[in-house]
Amino acid sequence: MTNILCIGAGYVGGSTMPVFASHCPEDRFVVVDINEARIEAWQSDQLPIYEPGLEEIVRQTRGKNLFFSTEINRNIAEADIIFVSVNTPTKTFGQGAGRAADLQYWEKTARQILENSSSSKIVVEKSTLPVRTAEAMERILNSNGSGLHFDILSNPEFLAEGTAIRDMQNPDRVLIGGRETESGRKAVEKLVGLYASWVPRDRIITTNLWSSELSKLVANAFLAQRISSINSISALCEKTEANISEVANAIGRDDRIGRRFLQASVGFGGSCFRKDILNLVYLSEHYGLPEVARYWEQVVLMNDYQEARFASNMVASMFNTVAGKRIALFGAAFKANTSDTRESPALAVCRALIEERADLVLTDPHALDNACDDLKDLGGRITYEIDPYAACKNAHAIAILTEWPQYAQLDYEKIYQSMVKPAFIFDGRNLLDHKKLYDLGFNVYPIGKPPLTRLVSMG
Ligand SMILES: NC(=O)c1ccc[n+]([C@@H]2O[C@H](COP(=O)([O-])OP(=O)(O)OC[C@H]3O[C@@H](n4cnc5c(N)ncnc54)[C@H](O)[C@@H]3O)[C@@H](O)[C@H]2O)c1
């Protein structure tokens, strides 16, 4: 039996370890966190995050070979392998503020591992980290003077929220970076062995440490770049009567481009894209590559532009004022099938409309608690409503901000009847049947397509 510890019971720790536990019944998995409420939630029926399939797998493994605990020190002492999946947010202070990764949680964890270890261990970077972080970790951990040896591996997590369990069960690839030393190679083989319990061996890639660390940042940068690229073209479509869906289809049919991630929208969100690209920007600057830094920074700037453009289009289309107008916002989560609202474009649109003194009602099937927490500084200026029909009552407009499939199934005739006229729909995800809505009487504003409206724009 191998004792495996995961430090950090967030989205990554909390959704990966149950999958490991289900495929490695001989091994023992413990997930620890400093956040007691979070650990309590992991031990209860109300898990702290929503992910399709997660509840079931936690129920199967918890109490058998999967445990959640706040006893970090004791569990470090007992572990053979330690995954570290603590948060690595963008630094908000000092050198590199607003760009560099804040590594304080990581470093604290490394020191805690050192203080509580009486045997050699494998430490696995699961958090997303700047390239060459493992070097600093090696220095801290192997400066112990007690003969203990720590092998550091990089095993970045590629799961996507909303499909985390499916991605973990059936990954495109698993990436493991390690040192080219004898003990480094053994450590890599040990981790390969764990994954090989369910992942075909040819999908497990092993590389050097720095390639592995950098690949995670680059994967997110490339994914976000595709979204910003198609969003930039959506702005051009709106000026030229080209249609972004037709353009995306026409270019996506080229195998070299591919169809996926070409859906224009109000913007990308999530805890990772923005922070990882800014981290890449910072690293490029740090290594004296300003042209590389500017290239990637533009991906983030384009996303800010798309969010701002969406909100200002709403104001322009609604006769240049939304002050005092009730607007129903559909979706707070940064994408469908998650309760996560971190960096959600919905929040940026909320804030922009509040600046314009709109009277907002926000609805979401799973993310209202998180949204309420994120927007608490706005006090009573937003109403939270779980029922989308109630949210629309007496509203002037609806904005679709998350692509929850249930929003495509609503009775829009009933909704139209309950709204103030002229009624507007701004579809920030191009989710709805626009022609049908127009026929019902709505003025419809998609992304990257001509609006369907009976009004003359004053914008
Ligand atoms: N969320 C994703 O989809 C995703 C995907 C791939 C990679 N990542 C990366 O994985 C890492 C974790 O992301 P997350 O979304 O799970 O973050 P999260 O904020 O949901 O969870 C991190 C957890 O670590 C805990 N923590 C912080 N310091 C600690 C300490 N010293 N001891 C014990 N626990 C501690 C926090 O209390 C928190 O519960 C980040 O580096 C992120 O970039 C995230």
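The rules we used
Residues numbered from 1 in each chain as written. Predicted model: local features only at pLDDT ≥ 70, side-chain atom pairs only at ≥ 80, totals over all residues. Heavy atoms only, no water. Helix = DSSP H or I, 4+ residues; strand = E, 2+ residues; numbered from the N terminus. Contact = heavy atoms within 4.5 Å. Core = buried A, V, L, I, M, F, W, Y, C linked by side-chain atoms within 4.5 Å. Buried < 20%, exposed > 50% of the residue type's maximum accessible area, 1.4 Å probe, protein only. Patch = residues over 30% accessible without salt bridge, like charges linked within 9 Å, V, L, I, M, F, W, Y side chains within 5 Å. Areas by Shrake-Rupley, 256 points an atom, 1.4 Å probe, with all protein chains shown as cover. Salt bridge = Lys/Arg side-chain N within 4 Å of Asp/Glu carboxyl O. Near = heavy atom within 4 Å. Polar contact = N/O pair within 3.5 Å; in protein donor to acceptor, adjacent residues only side chain to side chain. Nonpolar A, V, L, I, M, F, W, Y, C, P; charged D, E, K, R; others polar. Phe/Tyr/Trp six-rings, centres within 6.5 Å; stacked < 30°, edge-to-face > 60°. Lys NZ or Arg CZ within 6 Å of the ring centre and 35° of its normal. Pairing = 2+ DSSP bridges. Axes fitted to C-alpha atoms, helices over the stretch in contact; angles between N-to-C directions. Left-handed = near helix turned anticlockwise from the far one by under 90°. 1 Å grid on protein atoms, 1.4 Å probe; cavity = no way out; pocket = protein on both sides within 12 Å on 5 of 7 lines; lining within 4 Å. Points joined across faces, edges and corners; volume = space filled by probe spheres on them.

This part covers the environment of Pro-171. Mapped onto the secondary structure, Pro-171 falls in the loop between helix H7 (164–169) and strand E7 (174–178). Setting aside residues no more than four positions away along its own chain, Pro-171 makes contact with Trp-198, Val-199 and Arg-203.

Our next topic: the nonpolar core. Core analysis: the biggest nonpolar cluster contains 60 residues, and Ile-327, Leu-353, Ile-398, Tyr-412 and Phe-442 have the highest contact counts within it. In terms of residues, this core owes the most to one element, helix H13 (residues 345–355), which gives six residues. Those residues within four positions of Ile-398 in sequence are excluded, and the remaining contacts are Ala-328, Phe-330, Cys-392, Tyr-412, Ile-415, Met-419, Phe-424, Ile-425, Phe-426 and Phe-442. In this structure, Ile-72, Val-123, Leu-148 and Leu-209 belong to the second largest nonpolar core, which totals 40 residues.

This part covers a nonpolar patch on the surface. The grouping of Tyr-287, Leu-289 and Val-292 at the surface amounts to a nonpolar patch, some 260 Å² of accessible area in total. Along the polypeptide, Val-292 turns up in helix H12 (residues 290–317).

Turning our attention to the site of the ligand. Close contacts around the ligand come from 26 residues, with Asp-33, Arg-38, Thr-88, Glu-161 and Lys-275 the closest. One nitrogen or oxygen atom from the main chain of Val-12 is found 2.9 Å from an oxygen atom belonging to the ligand. Between Ile-34 and the ligand, the recorded distance is 3.5 Å, taken from a backbone N or O atom to a nitrogen atom. In isolation the ligand has 830 Å² of accessible area, and contact with the protein removes 93% of it. Looking at the shell around the ligand, the elements with two or more residues in it are helix H1 (11–23) and helix H5 (104–115). For the shell around the ligand, the per-class residue count stands at nine nonpolar, ten polar and seven charged.

Glancing now at the packing of aromatic side chains. Enumeration over the complete set of coordinates arrives at 16 aromatic pairs. Plain terms: the ring middles of Phe-20 and Phe-83 are 5.4 Å apart, the flat faces sit at 45° to each other, and that makes the pair tilted. In this pair, Phe-20 is assigned in helix H1 and Phe-83 in strand E4 (residues 81–84), connecting sequence segments 63 residues apart. The burial state of Phe-20 is the same as that of Phe-83; both residues are buried. Each ring, one from Phe-330 and one from Tyr-407, has its centre 4.9 Å from the other, and the planes form 40°; the classification is tilted. Placement of Phe-330 in strand E9 (residues 326–330) and of Tyr-407 in the loop between strand E12 (397–400) and helix H16 (412–418) is noted, with a sequence separation of 77 residues between them. In this structure Tyr-407 comes out as buried when scored by relative accessible area, which is 2%. Site record: aromatic cluster; members linked through ring pairs are Phe-20, Phe-29, Phe-83, Tyr-195 and Trp-198. Across the ring face of Tyr-389, the terminal group of Lys-414 is positioned such that the distance to the ring centre comes to 4.2 Å.

What follows concerns the sheet that holds strand E10 (residues 359–363). Strand order in the open sheet formed by six strands is E11-E10-E9-E12-E13-E14, and the pairing between neighbours is parallel. Looking at the sheet topology across the chains shown, the edges are occupied by strand E11 (382–384) and strand E14 (443–445). Recorded for the sheet is a direction-independent mean angle of 20° between the axes of neighbouring strands. In this sheet, E10 lies alongside E9 in parallel orientation, the contact comprising five bridges. Paired with Phe-330 across the strands is Thr-363, a residue of E10. In the packing of H12 onto the sheet, contacts are made with E9, E12, strand E13 (424–427) and E14, and the angle to E13 comes to roughly 165°. Across the sheet, H13 is in contact with E9, E10 and E11; its angle to E10 comes to roughly 165°.

In this structure, the amide linkage connecting Lys-421 to the following residue, Pro-422, adopts the cis form with an omega of -5°. Assignment of secondary structure puts Pro-422 in the loop between H16 and E13. Non-glycine residue Phe-319 carries a positive phi angle of around 60°. For Phe-319, a relative accessible area of 35% gives the class partly exposed. Non-glycine residue Arg-357 carries a positive phi angle of around 65°.

All right, on to the packing of helix H9 (residues 209–240) against helix H11 (residues 273–286) then. With their axes 9 Å apart at the nearest point, H9 and H11 run at an angle of 115° to one another. The way H9 lies across H11 gives a crossing that is left-handed. Packed against H9, whose contacting residues are Leu-214, Lys-216, Leu-217, Asn-220, Ala-221, Leu-223, Ala-224 and Ile-227, the element H11 presents Phe-273, Asp-276, Ile-277, Asn-279, Leu-280 and Leu-283 at the interface. Taken together, the residues that form the contact of H9 with H11 break down as ten nonpolar, two polar and two charged.

Next up on the list: empty space enclosed by the protein. The tally for this structure, following the rule as stated, stands at two cavities of 30 Å³ or more. Around the largest cavity, the lining residues are Asn-3, Ile-4, Leu-5, Arg-28, Phe-29, Val-30, Asn-75, Glu-78 and Ala-79. For the lining of the largest cavity, the secondary structure elements donating two or more residues are strand E1 (3–7), strand E2 (28–32) and helix H4 (72–78). Across the lining of the largest cavity, the residue classes tally to five nonpolar, two polar and two charged. In this structure, the second largest cavity encloses a volume near 40 Å³. Around the second largest cavity sit Glu-125, Ser-127, Thr-128, Leu-129, Ser-154, Pro-156, Ser-212, Glu-213 and Lys-216, which together line it. It is H9 that contributes the most residues to the lining of the second largest cavity, three residues altogether. Here the lining of the second largest cavity is composed, by residue class, of two nonpolar, four polar and three charged.

The next thing to look at is the pattern of salt bridges. For the coordinates displayed, the defined rule picks out 24 salt bridges. The salt bridge involving Lys-126 is made with Glu-157; its shortest N-O contact spans 2.9 Å. One end of the pair, Lys-126, is in the loop between strand E5 (121–125) and helix H6 (133–141); the other, Glu-157, is in the loop between strand E6 (150–154) and H7, with 31 residues separating them in the sequence. For the residue pair Lys-126 and Glu-157, the accessibility class agrees, reading buried in each case. Here Arg-132 and Glu-135 are joined by a salt bridge, their closest N and O atoms 3.2 Å apart. Residue classification places Arg-132 among the partly exposed residues on the basis of a relative accessible area of 32%. On the basis of relative accessible area, Glu-135 is assigned to the partly exposed category, the value being 23%.

Purely geometric numbers; function is a separate question.
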